[in-house]
Structure formats: structure tokens, C-alpha cells
Amino acid sequence: MASTVQFLAVILLHMCIASYSIHFDPVYISEKEHDYLRFADVRRHCQSVLSSATGLPYDTNRPERLRRQLSFEKGDWRQDAGKAPLVPFDAGDASNKDTLRLPDPLSLAAFVVTHVDGGEEHRARAAVNVSGVLVLTVNQKSVVPDFGPQMFAASPEFNLSAGSIRLKIIFEGVYTERAKGSGEDDAERVLCMVGSAVLPKRSADSVDPWGWAKNSGGWSSFQPPVTADNNILLVLRYPEKLTLTTREVLGQMGSTSSPSDASYFDTVQLRSALISSGAYNFRPEELAAGMGDALPWSDADNGASNRVRDVYKGSYPCPVLSRYGRHGQVITMLPGWHCNSTTGASCHGIGPFEMDREADADVSAGVRIILQDLQCQEQQGYNMAGAAGTSMVSMVLRALYPWEDRDTAMWRTGLSGKTLSAEGVWNASTGQACMVACRGAGRSTCDFRACIFFPTTLSITRMDTMLGLIYGVDAAGRVAQPPLLSFRQRIGPPRLWGDYTHDGKPLVPYKYNYTKVQQAVELRNRSGSPFDWRKIIPQSLHLSYPRIDDASDEMRSLSTLADRLILIFSTVPGLFRHEWIDRPFLFLEVISLQQIIDRYTYRPQRHSGKEASSEGHRLLNVSAELTISQHQWPQNSVMSLEGVYDPEDGRMHLIGCRDVRLPRENSSASRDLQLEEGMDCSIEVKVEYPSTTMHKFLMSTAKVEIVSMRTAADPLHFDAVKVRARPYNYLQELPGGFFRGVANGALCIVLLSATVAAVVSQLRYLRSHDDVAPYISLVMLGVQALGYCMPLVTGGEAILARVTLRWSGDGATAPSSSNTPYYMFDNGRLCEAIDRAVKLLSLCAFCLTLRLGQKVRRSRARMVARSPPLDLARVPSDGKVFVYHYGVHLALFVLILALNREAVTVEQQVALMQDLFLLPQVIGNAMWRVNCRPLEGSFYAGVTAVRLLPHVVGPRYSGEPAELVDGGSGGRFFAKAGDVVIPLAAVGLALVVHAQQRWNYAIVSRMGIPEKRKLQHIF
């Protein structure tokens, strides 16, 4: 019985560990019914709102509409200065950091309407009952957890931790509509509600009422002192129509208690824009005269302007504009901004945007802009007689500072000095959108004009799909020169666009203007040598490099080749590092090859299986970008590249340009450095790609060398940079990952088939050697059973998972080891059959392992029944084996965490246990001092050999790019240590088991163990 419990405990423990990898999404159930029990309080505190309410019209969809339109997420809140703060805040260890770089805590508010009374919509009434939840958060970091449905459960809460607080208040009240003034823009919608909360208690110390909250984050069992409070009043005012100057929600939350009460707090102000929550109302008749006229654009020559006119002529403007203005698009702010100060005093802002603090003004180079809430409407009568390609456009521009999290900022809705609300006209004939812009909210701040130009021609110094200028407007309404700020939207990786019309043509056909090709050809000629091995060896061995694979369809072939030339770097040179990116990745993104920019590789095409030779020997013009990012998206450009690619030897010779534009006050120094439109183009870059013939047999890594042509005394000079890309696998570049999926599936089938055969051989061995069954470790079988059931839970990629180690020293930034290998199966019949086979074999191996464990358990039960009471200690038990085994793996977990600086995934941990599956058996053999052979040689040797397969062929065919670190020989050693040390350890365990089963009796004899304690099982 004890053995059964231990075996089941092993299985259950492993399943519990695996359950942590499954993300739990709580299901939010909206309130079907709500008992409004505080109507008397609502009538007393909301009398002024109810007395001015107008009748609500008949509307059967009012409940659903109000829940959608009245809710907002990530608005701003602040509390008026006073003596009764609402909540404490503990910054934790953040106060020990550099205060000049430490941003202010981020205070965000979310309000959700949970129920709207719609039971009497058949009759007119002045107000309807409404309930909702308000969540106030304060975070020291800019990364704020999403306001998921679980946050709005109908119960008040207060949570406090180091660097973060969350207060949830439950409200119920009334919704009304009222006409505030004579104009229709003055009409507003009002929510007046009373709330219940659990508020933190303030101490009697007036100087520091939150003394108990200091360092509270270090106490795991800390419970803040709170008190229930039902005396809270919330009033939210919404505009009736969303326009340029009426799109903000204003709210006040106050305490109805006496100021002398302990639960009283100072008034809280709430602000949020209604972004994407309702129909925007354009007012073209109210825009300034001439707003639809295009401004002269200095960066657009006549030829480029003519092409813009031809490209956008007759097109549908809104779909084209949506190509550039997706919600959350990050725009780069260019250096050279101007201060909007008329008094001569210091200006604490960046162009039209205000900074939170004067100390933050020195980070202007890292400030970007997020585009939010793009609204577009086709216009058929505004000042242009219904000209084709004209539309009204509205958007919000939000300043994004380097320390802010992009995903959080993307969904912020508060309007402040760091936002510009803009509305105007986009004319497709000029490719420009000119708009009136208002800082924050209200009519009094509409003193700016924003113009955006959408070029269609690219070059090495103009790799932009959007260029923007923001001007100030003087008292006479004239645009003031020079512009306060300029910004641009760099072109994204074309492989990620996917913007095509119904006929398969790109929505915006870009053209690239090559200007550095001649310099690149000269670089290639200088770099050539009569004894160049990359030219001699390919001719001798018929090696090939990435080239055009189908001359009959050059457009598709060039697109495929462009994607094959993309590189990813684990090591980021110091030249490109950024202080706000902790773990950067470096990418070489190919923008254009010849004149192919848009990708056509996703058209259904049959792969020929071999590469056709290019017609003659011609160089291909290529443009590319080196980009850096913390994740794969978004990417920040650090260098533009242009040159030629030679398909015969797999080399690129490029000229590089990096943006080194200086602030406007240093413009004279910028001219002295001989820059091209603010960019240093005195850079030469060489790229060497591995052979497509030999990449299956040799470690295939592309090499990149970057050299500055400036003298050492030049301030823009930098030392030569040499970096290797991740090991290259050309199979990954085939459309859809078909061959990668088939290769991975075949590897899984081979691995599982061999495992099933090994388990069957062990079962057959126990038929003739039943006495040795008790000495098989149940912990070992539990580890194997878990490994076989993992593919049934998390997918077939768990079979190929493995642990990688890397060096934690300086000089390299390696990628996360938490990414499991790709296991991409297409929907084809072949791949579906492979997937079913993998799952069936996994289930078969799991059941056979359970059968093996059952035989071990029964044999131990029989051994207990036959043994005298004094000899029960001789019956094997896995209790200590379990403890020692998991102690070893806990130590390995800590070691890997120290090397990789992050924990392994559940799949990788289970894979490590499977790699070392013989460890429990080795421990058991030593503890039980057996001198028999519990395991058949074909079993433990066969399973060990099978577990070596992911380490031997996994980096080649599993789709996981093996990591390479350019930090010297030590870095390269540690990068591959996971595929060397772990297999050696597995082989070592197999040899130990072999030695124990063959010579354990002699070892026990030498130790002087009494004969009565020796086990006489010899075969």
C-alpha cells in the first residue's frame, strides 16, 4: 500500500508541477440582476443631478450601449492636496536608485459599468439605475497589470505591496442626461453614484499617517489595517458627443463623512478620454480656414511629390491611412525640437509636449510618440467639391518616455500635457494630413497644427513611411516657423505587413531609390582577393548560397530570398546598446531586394526542392536595416544599410548610415561632421552567409563586420565590430514551416517508437526475472510517465524540449531559454497524420510505463507478504529516493537559474528529469545494496540513447535556434554546454547502473556488510 501511495504521489506531484504552465483565465460573469439597496442615499446626495435631468428617450439597447460607452480603462487620477490622503504608497527599494532617472509613480483608474436597469424601458423616465466598479492603482514601474475581468468582481478590496497599490470600490447610483447650456456641445451625460470600500486606516501622526505602510512589501503575511466605509460619492460627467474639444470624461470622488471622521479623505479627480468607445463627430465647418491646404514639404522633392500624387490618386483614403495609423503605432521623435517659450525662460517640455519634471528634459533623445484612436471618414463636400481621395481624420498623439512600458501607454486614456488631440483633412493627391491639434483637453489649448506626410519613395536616409511636423500658431492664426517638433515612422519589416487589396496587389506600392550602390561595389572590389576561399571552394565543391530559386517567377523568388537573408543576433555590440532596453535583440531586416519591397511568399506555391542557378552572374541591389528591440516587436532602427548581394559567394557589401542628429542648438557642430540629412554614412558593412549545401553538416552562422571609415580622432568614429548571427537553418525560411514540421514530427515518432520498444523489452524481461521487479525505482517510472503525458497536455514540442546553458558573465546578452523548440504542423493530411501518431505513441508509452509500475508495486506486495516481520526493512522503499532525487533537481534548478538568469519552463524541467531518468535508480541501487540486475540492458541503454536525440539533432531540425555568444571562447563553450554536459551526465548514469548491476555484490563484500544484510539475487 505504501508503494502504491508513493507511486501515485510521484505522478500527482509531476502533474501539479505541469499545471502551473497552463494559463488560467477566469470567466467574468456580468451581473444579471442587481438589488439597488441604497436608493435613499442616492436621492439625498444626487439631488442636484436629478433635478436638472431631462427625460430619457425610449431605447431598448440602452443597457448594452451604456455598459460599452460609459466604461473606460487606464484613465488618470490624482488627489487634491490636503491633510487626508486616500491611500499610502511604499516605493520599496526604488528610493535607493538615482532619483533623476526615477519616474513618478503611475496612477491609473479604470471604471466598468456592471449593470444597467432596463426593466422599464417601455416608459419615459429621467434616470436609470446603474452599478459599477472603480479600480484605482498606483505603480512605481510603468508596467501595469491589465485590468482583466477578475479585477471587477463585485466586492471591495485594498491590496498593498512594495511599489504597487490597488483600491477597488463598488458603486450604485443613477444615470441621467442634461443640457448644460444653449449649445449642443454643452449637453452631457452624468453618473451619480454612492460607493462602498475598505479604506486603509491612517494613524494619529499627522506628519506621517502611513508609517505602518513603510517596507510592507517585505512581509509576506502583512495585512494592512482597513476600515469599511459606505460614505463615498462619485460623479462622472461624459460629453454627449465626441468631438475634438469634447472627448474627455471628468469625475470627482469625495467623502460624504465629516472632515473630523477617520474615514474622510480629500477629493479625488478622475480624467479619461473616450477612446474607441463611440462614434466620433467630425466638424469640418469649424476648422481653421485653409486647413485642407498642403504645406510645402522640404523633404519631398518634385519627383517624389508627383509619385505620391500618382500612387494615391483615386484610392480609398481611409484604408490607406489605416495602413500607417494602427492603434499603438510607435513613432520616433527626431532631435532638433524647439522650445515653445515666448518669455525666454527655460522650457520644461519637448516641442508641444510637457514634461512631468524639469529633471527629465535630458532624455529627449529617447522620447517617442504613440498614435491612438485613429478615426477616418470619407468626405464628399468639404471645400474640395467631393474630390476623390479626401477624408476627415482624427487621432491622439501621446508622448512615450523611455522608461514607460509601450503596452501600458498604448491603452492609456487620460488627456494631459503629454497628449495632442488632432482633427483635420487628409488629401490623397498630396499624401498629407493637416490637422488642428489641442494639448490636453478643451478649446483654449488648440494652438498647434500637425501635418503628416506619407511618402512612397524610400532611400537610405529616408526609410520612412510617415513624416510629421508640429507647428505653433500665433495670435493671428498663422503657422509659426520653424516647427516645434518633427517625427517619423520608420518602415517596419515588410514580412509583417500583410496589407494587400482583393486582387493581391500591395495597398501602397513603395519604390526604393538606391544611392549607395556604386560605393558598395567599390567596397566589394577592394575586399576581393585572388585567393579568396569563398570563391575557390564553392567552384570546386559545387557549393551554393542563398539565391533566386525560380527564374520563371522572379517577383516571388526575390521575396523568398529577401526573407532568407534576415538575421537575428543574440549578442548586441555596445555601439547599439540602449540604457532603457535590458535584454536587447539585434535584427538584420531586409527591406528591399532590387525593387521588391512587399513580400509575396505567402501565395500558394509548390516548392521545387532545389535552387535554380541565377541567370549569369549578377549582383542584386539590396537595402536593409539593423534594428534592436527587447522583444521581437516593436523594433527600433539603429542603422540603415544599402549595397549589393552576390548570390555566387553569399556576401553582402553595404554602406551604413546611422542617425546621429544633434539638438538644434548644436546644429553648427552637426554641419562640421559632414552628415547626410543628420546621418553618418561613413560606415562599411560586410555580411557573409553560410552555404545552403553544407549547413546540414557544419555549424552555420552568418558573420557581420561593421567598420567606421572616419579617423580615430573623429567624434563619430567607433572601433570595428564583428558579430555572429544565430546558427542558420534555411529550412525555417520555407513557406509555412511545412518541412520543419515534418522533420520534427518524424523525430518525435522515432523517439517515441524506440522508447515503446525499450519499455516492452523491460516488461518481457520481468516475465522471466520476476524476483528483481521490487528493485526497480518507482520514482524513475514516475519521471518517465510524466514525460510521456506532457505531449498530451502541452503539445508535441515537449518531446523535443531541452535545457540550454549560457554564460552569465559580461560581454553578451543571450536570449531567453524559456522558448521551447518550434513544432509547427500545417493543416495538411500528412501533418495531421504525424500529429495523431505522436499523440498515440505518447499514450502508448504512458500506459506501458503504468503497467511496469503496477508490476513493481505487486512484486513488492508479495515480497512483504513472504518476509518475516523482522526483515521488512529489506523491502525496497522509494521514500528516501524521492527526497534525494528532488534535492538534486532543486540544486540543478538553482544552478541553471544562476547561469541563465531566469528559470526554465516546465517542459524543459521535465525534459531534464527525463534526460537524467536513471538518477533515481542509481540512488536506489546504492541505498538498497542490490546485487541483481533489475533493469534490462536494452531498456536503460535504449532509453538513454533516445534521450540524446534532441541534443544531437534538435538544434538543426527542431526549429529552435541554438544560442551563440560572441564573448570569447568561454561564451561559446557555455552556449553549447546544455547539449554537452547533460548528455554526458545521462551516459554516465547509464554506466553507473551497468556497474552497479554487475559488480554491486563485490562492492558490498568489500564494505564488510554482514551476510544477513546482503541480497542474494545474482543472474
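Residues numbered from 1 in each chain as written. Predicted model: local features only at pLDDT ≥ 70, side-chain atom pairs only at ≥ 80, totals over all residues. Heavy atoms only, no water.

*Asks:* Requested: an account of the overall build of the protein chain, with residues and values cited.
*Replies:* If you tally the helices and strands in the protein chain, you get 20 helices and 29 strands. Sorting the 1019 residues of the protein chain into buried and exposed places 53% on the buried side. Summed over its atoms, the accessible surface of the protein chain is roughly 45800 Å², and 54% of this surface lies on carbon and sulfur atoms. (Helix = DSSP H or I, 4+ residues; strand = E, 2+ residues; numbered from the N terminus. Buried < 20%, exposed > 50% of the residue type's maximum accessible area, 1.4 Å probe, protein only. Areas by Shrake-Rupley, 256 points an atom, 1.4 Å probe, with all protein chains shown as cover.)

*Asks:* Lay out helix H8 (residues 517–527) in plain terms, naming residues and giving numbers.
*Replies:* When we look at burial in H8, the residues that qualify are Val517, Ala520, Val521, Leu523 and Arg524. Across the axial projection of H8, the buried residues extend over an arc of 160°, all falling on one side. What points out from H8, more than 90 degrees from its buried face, is the exposed set Gln518, Asn525 and Arg526. (Arc of directions from axis to C-beta.)

*Asks:* Residue-level account of the pattern of salt bridges, with values.
*Replies:* The final tally for this structure, using the stated rule, is 28 salt bridges. With a shortest N-O distance of 3.1 Å, Asp659 and Arg488 are connected by a salt bridge. Linking Asp659 in strand S26 (residues 651–659) with Arg488 in strand S20 (residues 479–490), this pair joins segments that are 171 residues apart in sequence. Under the relative-accessibility criterion, Asp659 is labelled partly exposed at 31%. Exposure remark for Arg488: the relative accessible area of 7% places this residue in the buried category. The shortest N-O distance in the salt bridge between Arg862 and Asp770 comes to 2.9 Å. Taken together, the residues span a long stretch of sequence, with Arg862 in helix H14 (residues 829–866) and Asp770 in the loop between helix H12 (738–768) and helix H13 (778–794) at a distance of 92 residues. Through salt bridges that share partners, Asp464, Arg488, Arg490, Glu625 and Asp659 make up one connected network. (Salt bridge = Lys/Arg side-chain N within 4 Å of Asp/Glu carboxyl O.)

*Asks:* I'd like a rundown of the pairing of strand S16 (residues 432–439), residues and numbers included.
*Replies:* Taken across its eight residues, S16 has seven buried, putting it largely inside the fold. Relative to S16, strand S15 (residues 419–427) runs antiparallel, the two sharing eight bridges. Along S16, the bridge assignment pairs Ala422 with Ala437. Between S15 and S16, which pair antiparallel and follow one another directly, the connecting turn spans four residues, one of which, Gly431, has a positive phi of 70°. The pairing of S16 with strand S17 (residues 448–453) spans six bridges and is antiparallel. Each residue of the ladder has a partner; that of Cys434, found in S17, is Cys451. (Pairing = 2+ DSSP bridges.)

*Asks:* I'd like a description of unusual backbone geometry, backed by residues and values.
*Replies:* Between Gln481 and the following residue, Pro482, the backbone shows a cis peptide bond with an omega angle of -5°. The backbone phi angle of Glu677 is positive, close to 55°, even though this residue is not glycine. Its location among the elements puts Glu677 in the loop between helix H11 (667–672) and strand S27 (679–688). Judged by relative accessible area, Glu677 falls into the partly exposed class, the value being 41%.

*Asks:* Hey, could you go over the packing of helix H15 (residues 879–900) against helix H17 (residues 919–928) for me, with residue numbers and the actual values?
*Replies:* Running from amino to carboxyl end, H15 crosses H17 at an angle of 135°, the nearest separation of the two axes being 9 Å. In terms of their interaxial angle, H15 and H17 are classed as oblique. Considering the relative orientation of H15 and H17, their crossing is right-handed. Between H15 and H17, the contacting residues are Lys880, Val881, Tyr884, His885, Val888 and His889 on the first element and Leu919, Pro920, Ile923, Gly924, Met927 and Trp928 on the second. Along the lines of polarity and charge, the residues of the contact of H15 with H17 split into eight nonpolar, three polar and one charged. (Axes fitted to C-alpha atoms, helices over the stretch in contact; angles between N-to-C directions. Parallel < 35°, antiparallel > 145°, perpendicular 65-115°, else oblique. Left-handed = near helix turned anticlockwise from the far one by under 90°. Contact = heavy atoms within 4.5 Å. Nonpolar A, V, L, I, M, F, W, Y, C, P; charged D, E, K, R; others polar.)

*Asks:* Would you mind going over the confidence of the model for the protein chain in detail, with residue names and values included?
*Replies:* When pLDDT is averaged along the protein chain, the result is 75; 67% of the residues meet or exceed 70. Within the model, pLDDT remains below 50 along residues 601–616, and this stretch shows 30 contacts once partners closer than five positions in the same chain are excluded. When the criterion is pLDDT under 50, residues 731–737 qualifies, and its contacts beyond four places in sequence or with other chains add up to 15 contacts. (pLDDT = per-residue confidence, 0-100.)

*Asks:* Run through the sheet that holds S17, naming residues and quoting values.
*Replies:* Each strand in a sheet pairs with another by means of backbone hydrogen bonds, the pair being arranged parallel or else antiparallel. Taken together, eight strands build a closed barrel; the order of strands is S10-S13-S14-S15-S16-S17-S19-S20 and the barrel is antiparallel. Averaged over all neighbouring strand pairs, the angle between strand axes comes to 30°, with direction disregarded.

*Asks:* An account of a nonpolar patch on the surface is needed here, citing residue identities and associated values.
*Replies:* On the surface, a nonpolar cluster with roughly 260 Å² of combined accessible area is contributed by Val980, Val981 and Leu984. With respect to the helices and strands, Val980 occurs in helix H20 (residues 978–1006). Judged by its relative accessible area of 41%, Val980 falls in the partly exposed class. (Patch = residues over 30% accessible without salt bridge, like charges linked within 9 Å, V, L, I, M, F, W, Y side chains within 5 Å.)

*Asks:* Outline the pairing of S17, supporting the account with residue identities and numerical values.
*Replies:* Within S17, six of the six residues are buried, leaving the element largely enclosed by the surrounding structure. Residues Phe448, Ala450 and Ile452 point to one face of S17 and Arg449, Cys451 and Phe453 to the other, with burial holding for every one of them. One ladder, built from six bridges, connects S17 with strand S19 (residues 464–473); its direction is antiparallel. Its bridge partner lying in S19, Phe448 is registered against Gly472.

*Asks:* Can you explain the packing of H15 against helix H16 (residues 906–915)? Please cite residues and give values.
*Replies:* At a closest axis distance of 12 Å, the pairing of H15 and H16 adopts a crossing angle of 130°. The angle between the axes of H15 and H16 places the two elements in the oblique class. For H15 against H16, the interelement crossing comes out right-handed. Within the contact between the two elements, H15 uses Tyr886, His889, Leu892, Phe893 and Ile896 and H16 uses Gln909, Leu912 and Met913. Of the residues assigned to the contact of H15 with H16, the class counts are six nonpolar, two polar and no charged.

*Asks:* Now, about the side chain of Lys516: what can you tell me, with residues and values included?
*Replies:* Looking at where Lys516 falls in the secondary structure, it is placed in the loop between strand S21 (511–512) and H8. We classify Lys516 as buried; its relative accessible area is 6%. A polar atom in the side chain of Lys516 sits 2.9 Å from the side chain of Glu676. Excluding residues that lie within four positions of it along the chain, Lys516 makes contacts with Ile460, Glu642, Ile655, Glu676 and Cys681. (Polar contact = N/O pair within 3.5 Å; in protein donor to acceptor, adjacent residues only side chain to side chain.)

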